[in-house]
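Observations on the model geometry
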There are 4 protein chains.
Amino acid sequence: MIIVLRPNSTPEQIDHVIERIVELGLKPHLSRGEHRTIIGVIGDENKLQAEPLQAIPGVEQVLPILKPFKLASREFNKSDTVVRIRKVRIGGGALGMIAGPCAVESAAILDEIAGHVKAAGANVLRGGAFKPRTSPYSFQGLGEQGLKILRDIGDKHDMPVVTEVMDPRQIPLVDRYADMFQIGARNMQNFDLLKEVGQTRKPVLLKRGMSATVKDMLMSAEYILAEGNPNLVLCERGVRSFEDSTRNMLDMSAVPNVKGMSHLPIIVDPSHATGRPDLIPPMACAAVAAGADGVHIEVHSCPEKAMSDGPQALLPKQYAELMDRIRRLAEVVGKTLV
Amino acid sequence: MIIVLRPNSTPEQIDHVIERIVELGLKPHLSRGEHRTIIGVIGDENKLQAEPLQAIPGVEQVLPILKPFKLASREFNKSDTVVRIRKVRIGGGALGMIAGPCAVESAAILDEIAGHVKAAGANVLRGGAFKPRTSPYSFQGLGEQGLKILRDIGDKHDMPVVTEVMDPRQIPLVDRYADMFQIGARNMQNFDLLKEVGQTRKPVLLKRGMSATVKDMLMSAEYILAEGNPNLVLCERGVRSFEDSTRNMLDMSAVPNVKGMSHLPIIVDPSHATGRPDLIPPMACAAVAAGADGVHIEVHSCPEKAMSDGPQALLPKQYAELMDRIRRLAEVVGKTLV
Amino acid sequence: MIIVLRPNSTPEQIDHVIERIVELGLKPHLSRGEHRTIIGVIGDENKLQAEPLQAIPGVEQVLPILKPFKLASREFNKSDTVVRIRKVRIGGGALGMIAGPCAVESAAILDEIAGHVKAAGANVLRGGAFKPRTSPYSFQGLGEQGLKILRDIGDKHDMPVVTEVMDPRQIPLVDRYADMFQIGARNMQNFDLLKEVGQTRKPVLLKRGMSATVKDMLMSAEYILAEGNPNLVLCERGVRSFEDSTRNMLDMSAVPNVKGMSHLPIIVDPSHATGRPDLIPPMACAAVAAGADGVHIEVHSCPEKAMSDGPQALLPKQYAELMDRIRRLAEVVGKTLV
Amino acid sequence: MIIVLRPNSTPEQIDHVIERIVELGLKPHLSRGEHRTIIGVIGDENKLQAEPLQAIPGVEQVLPILKPFKLASREFNKSDTVVRIRKVRIGGGALGMIAGPCAVESAAILDEIAGHVKAAGANVLRGGAFKPRTSPYSFQGLGEQGLKILRDIGDKHDMPVVTEVMDPRQIPLVDRYADMFQIGARNMQNFDLLKEVGQTRKPVLLKRGMSATVKDMLMSAEYILAEGNPNLVLCERGVRSFEDSTRNMLDMSAVPNVKGMSHLPIIVDPSHATGRPDLIPPMACAAVAAGADGVHIEVHSCPEKAMSDGPQALLPKQYAELMDRIRRLAEVVGKTLV
């Protein structure tokens, strides 16, 4: 950590900063420049990150040098983490192709969609039973009945299933039915929820918050990893921006950016990122070319009657065409899709 | 609601859209322009908002006309809502001056701070017992012990107290000690939490999410109001932006913007918005001049030893000077500070 | 255009709005809903866009239906525009691979770089002679001497050359040496500059502004097209965002988004978008997979001694490896690279 | 400047970085920590800022310590700069109240507006003769005729006048008629324009770019100051954001933020920042309470017939009411309005 002092800081202020550092069992290293005095601190930076050094009179800036996450960092684990959801692997060259409707609406509709996406090459089935909706007057999901349908249809088509958990109290229930927990964008910093999925050993799909930096996402990952659950897949799903012709702005560079900083797999959700079916296939292709470990796509056989987020779903036929192209791109970038 | 059709939409597609509208018991109103055909829909727009009309082939845009919130709207309640927290009123010309440390650290420190802020004119005491922290390795709050201290010190100084609730399971516990629930920015769309504080009748301080629009905030307010709790105060606390010299960007125009759209009181938190003590006083003054119903400020008697967010706290002396200026500004804009 | 009236608008106000519409030679179309009265306007929407209808008392919202650009729109030209820069084609399936150093520094360095990028498959050489720099104390480019070097080295390697023009007065000079004008992000709304390159017939590379929406970019394109120059290539180069680990946020969805709205070719510049050499190759691959008509990459044989933006340049060897992968991806998405 | 090395940097790489620093005549200062080695550099940081040290293998981060602007900095000039536009002073406690229509439309309309705003207390008259418009089909201003009208009406009402200059070639013409140049948000990084107004000695009103940070604005100020023109007033006018109910987001904290970093006066333009007449008065009041050196407001006697930006103008009567309140607020914050 580097502490930069104000140009007019007094010797007493400098001494006071040094004392605080020594009190914490760390070693200060003073450099006096022409315009500024700076203090480098040698030792465990984490001790200092908890300290409000910035509030000491005479201090201008405190610059951390180390990343604030450890278990999620590439330095902690040089090789890529591979997450297994039953027989499916995500990461380390294996693509997780997650597909299904936004919400579980009925067994018949889910069965039809699952048949289509499985045939096209999807390897994980998704469907929401608890839906976070901006409006209290919108459809909020079927709850446990939706979980049962999801489990049954997943089993029928031999696909593991992922579904969102919104409240720590839902964890035991969702745990009973699903193969993977999804933490939605709005809950990326719901720390109790993170800790409690971290206490299970079930795989977690953690979506990036709407205004989270890549580092914020890795800090949320750290909450889960710190509780002992290593089975974590990240998901880029777009962030808020001024662009008004897409729902969110897909930050595609987050894929290689996360891969440089962390060993965790990262997939891309072009459905929520763009909110527009015409943009989903090119963004899914771009994600695979950028090195993503999978793609998460909403598919519905009748988007105009979908009970949630219909306008951002692909038709089964469009999904099948997309999967053909993805298979060929995956080959070029050295990924496998089983 | 206005449905705009694509330039090349076929008569069959137009008929199909009209059929869907009629099926929902609404009345379509067709206008054929030179370049586009548009359909106005007369009737309860809410029925339509739940429908994915955008997904119908031939539809280019769906433009809602009505605001998606009802109980929070100015049209629902023409006069300003006044929220009472024990003897303190917020709204309708009365300023809520909330002050205190970021986190409750000990009875002695809180007592000292409470004495100072009360003397300076604060009328509500704040202090966190459950702290949402970006890092799992940071101080997470004293929990129930913190709540007890907060209650005792509040009583000693005859100030009502507000504290954050992060998880629906904490509601009964927090309810026992606090006079007002705070919902933090990270939980603005934690819908289960919103519903459950909505089921109490205790006042709620709802903070704007880091990337929430003003309408998003009012939709979250609607969740609480729809459960029957009308005692709601909103709080602007800055949003994420590209500006890198402040922690967030304080959207000051949210104050009159909310007042135009809603009857709910809104206060401003310049501490979290700026993250810089030098910017807190001018932003607090600006908030009052802009018509805010109060200001939420972190005060600590030794910011450099604060266990959470010390660098954004004012010293008691700075707070007292600020309150002097605020009193004079309040007079100019016709607000009272009791 | 749709005019939405306030809930409490008076009959006089409604009549006044209707009069204004009729005065403009347009036809109003009134719909009275339960909660709102709306007026659809039939006729040339452009007449209305220039009018401040929003300012009329009783008007709540004015919603344009048509896009504000014409010549740039896909409706104006159904087939993809192909821009020719000497023998090179960009658009319609042909990839423009623009490469070279940020700034022209010397004939020797440029010659070396040009030899490398040409061998790797680049078909247009870039290099700045006039450099827009955030600081007045940074290197501002070699001016005419730089243009001469660029021309000579381009000729030697049989590559057309592109370079930035920052000021309308530089147009005749740059026109003499370059095969394509570049308009930088900071000048995307320098309207005099746009008009004057529009008055030439030389190809233009127009970069997206740092906070321009896709529609803003197409409006700037309209300025050039409206002056009669159809030889226009757009360039996505990242926008400002809150993410602090990359220089800008590459909005990859702008590629298919522009292609849906416009017939103009669009390329991607991952160098400026990310500012990080480790992210350039995956983003270049993603751009091609997303359907971009080319990629613009900075290459320098000694980034650490480059006089401008060295840290975002690839080494010639890295560029050659990237081009190998791009060739294989281009085949999958049906693009040719000559 | 601090150079942070990668955890696995080799001794050769470290030596190479040190050599480069010594070559530049500076003094490196090595600190080896547990996890990272860092090098502090003593000497003129500007030499280093031009160097792409980030591109050297083994370097992880380069952290500048000094601000990149000098002449604009508070350290360069401890006391507030006061800019004089004829008899009017802006800065140092004196408020510049700039008002007038967006565009000069006719002598009669401008005369009427000028009479009203002068009576209400405005001390500088504004009006555009060259208008930057997003669409090539919108009204582009009256040009020299508009300048003449502005001069005449300014003289008639004894008010100095400010008007926008968009192109360096317009400087001599605008110089002849106006008392202050305005550089618009879209031209904040039009560096040739900045340099050339910097070569005059006429006051300049520099508006913040739509996605410029406060530091970017101060760097643009530096361009003007570096050419020798010290008569510079900055203007906060809102930045681009995701909020969709206001035209831009007014960054009110930029006012005290600039005042901390710079000696230059800064005013606020709530008209462009919000785009909504209902938000202009509270934001103007907030600006004065925050310490701004003035307010820039568009006033039009018939906004619905204004040829440019009518919907964001106040009526003369609204402006007069606002000025009454501003006068009382100014007194509280110790500003004078002559």
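Residues numbered from 1 in each chain as written. Chains lettered and ligands numbered in written order. Predicted model: local features only at pLDDT ≥ 70, side-chain atom pairs only at ≥ 80, totals over all residues. Heavy atoms only, no water.

Turning to the interface of chain C and chain D, a few remarks are in order. Taken together, the contacts link 46 residues of chain C with 45 residues of chain D. Where chain C abuts chain D, roughly 3,900 Å² becomes buried across the two surfaces, and 51% of that area is made up of carbon and sulfur atoms. Together, C:Tyr137, C:Arg169 and C:Glu304 form the three largest contributors to the area buried by chain C at its contact with chain D, with a combined 17%. Put simply, chain C and chain D have 4 salt bridges between them. Across the salt bridge formed by D:Arg169 and C:Glu196, the nearest N and O atoms sit 2.6 Å from each other. Of all elements in the fold, only helix 1 (11–23), helix 6 (191–198) and helix 7 (214–226) of chain C reach the threshold of two or more residues within the side of chain C that touches chain D. (Contact = heavy atoms within 4.5 Å. Buried area = accessible area lost by both parts, 1.4 Å probe. Salt bridge = Lys/Arg side-chain N within 4 Å of Asp/Glu carboxyl O. Helix = DSSP H or I, 4+ residues; strand = E, 2+ residues; numbered from the N terminus.)

All right, on to the pattern of salt bridges then. Residues and elements named next belong to chain A. Evaluated as defined, the whole model comprises 84 salt bridges over all chains. We note a salt bridge from Arg86 to Asp179, for which the minimum N-O separation is 3.0 Å. Linking Arg86 in the loop between strand 5 (83–85) and strand 6 (88–90) with Asp179 in the loop between helix 5 (171–177) and strand 10 (180–183), this pair joins segments that are 93 residues apart in sequence. The buried category is assigned to Asp179, whose relative accessible area is 9%. A single network of salt bridges, built from pairs that share partners, joins Arg86, Arg151, Asp155 and Asp179. (Buried < 20%, exposed > 50% of the residue type's maximum accessible area, 1.4 Å probe, protein only.)

Counting from both sides, the interface comprises 25 residues of chain A and, opposite them, 25 residues of chain D. Contact between chain A and chain D buries roughly 2,000 Å² in total, counting both sides, with carbon and sulfur atoms accounting for 66%. Area buried by chain A at its contact with chain D is led by A:Arg36, A:Ile65 and A:Phe242, which between them contribute 24% of it. At the surface where chain A touches chain D, the tally comes to 0 salt bridges. At the junction of chain A and chain D, the tally comes to 0 residue pairs in polar contact (both at pLDDT 80 or more). With 4 residues, the top contributor of residues to the side of chain A that touches chain D is strand 2 (residues 27–32) of chain A. (Polar contact = N/O pair within 3.5 Å; in protein donor to acceptor, adjacent residues only side chain to side chain.)

A word on the relation of the copies chain C and chain D. With an RMSD of 0.0 Å, chain C superimposes on chain D once it is rotated by 180° and translated 0.0 Å along the axis. Given the turn and translation reported, the copies of this chain are related as if by a two-fold rotation axis. Minimal C-alpha distance to the rotation axis in chain C is attained by C:Ser211, lying at 2.9 Å. Most of the interface of chain C is mirrored in chain D, where 98% of its interface residues are also at the interface. (Least-squares fit on C-alpha atoms with pLDDT ≥ 70 in both.)

Attention shifts here to the packing of helix 11 (residues 316–332) of chain B against helix 11 (residues 316–332) of chain D. Remark: helix 11 of chain B packs on helix 11 of chain D, axes separated minimally by 10 Å, with the N-to-C direction vectors making an angle of 165°. Between helix 11 of chain B and helix 11 of chain D, the interaxial angle falls into the category roughly antiparallel. As helix 11 of chain B packs across helix 11 of chain D, the resulting crossing turns out to be right-handed. Here helix 11 of chain B contributes B:Arg325, B:Arg328, B:Leu329, B:Glu331 and B:Val332 to the contact with helix 11 of chain D, which in turn contributes D:Arg325, D:Arg328, D:Leu329, D:Glu331 and D:Val332. Classifying every residue of the contact of helix 11 of chain B with helix 11 of chain D gives 4 nonpolar, no polar and 6 charged. (Axes fitted to C-alpha atoms, helices over the stretch in contact; angles between N-to-C directions. Parallel < 35°, antiparallel > 145°, perpendicular 65-115°, else oblique. Left-handed = near helix turned anticlockwise from the far one by under 90°. Nonpolar A, V, L, I, M, F, W, Y, C, P; charged D, E, K, R; others polar.)

Another aspect to go through is the relation of the copies chain A and chain D. One copy of the chain maps onto the other through a rotation about an axis followed by a shift along the same axis. Take chain A, turn it by 180°, move it 0.0 Å along the axis, and it overlays chain D with an RMSD of 0.0 Å. When you check the interface residues of chain A against chain D, 100% turn up at the interface there too, and the contact is symmetric in its surfaces.

Attention now goes to the sheet that holds strand 3 (residues 37–42) of chain A. Residue and element names in this part refer to chain A. Taken together, the 4 strands give an open sheet; going across it, the order is 2-3-1-4, and neighbouring strands pair in antiparallel fashion. Each edge of the sheet is formed by a strand with only one pairing partner; in this case those strands are strand 2 and strand 4 (59–63). Adjacent strand axes in the sheet meet at a mean angle of 20° when their direction is disregarded. Sheet topology places strand 1 (residues 2–5) next to strand 3; 3 bridges connect them, and they run antiparallel. Pairing of Ile2 across the sheet is with Gly40, part of strand 3. Against the sheet, helix 1 (residues 11–23) contacts strand 1, strand 2, strand 3 and strand 4, and its axis sits at roughly 155° relative to strand 2. (Pairing = 2+ DSSP bridges.)

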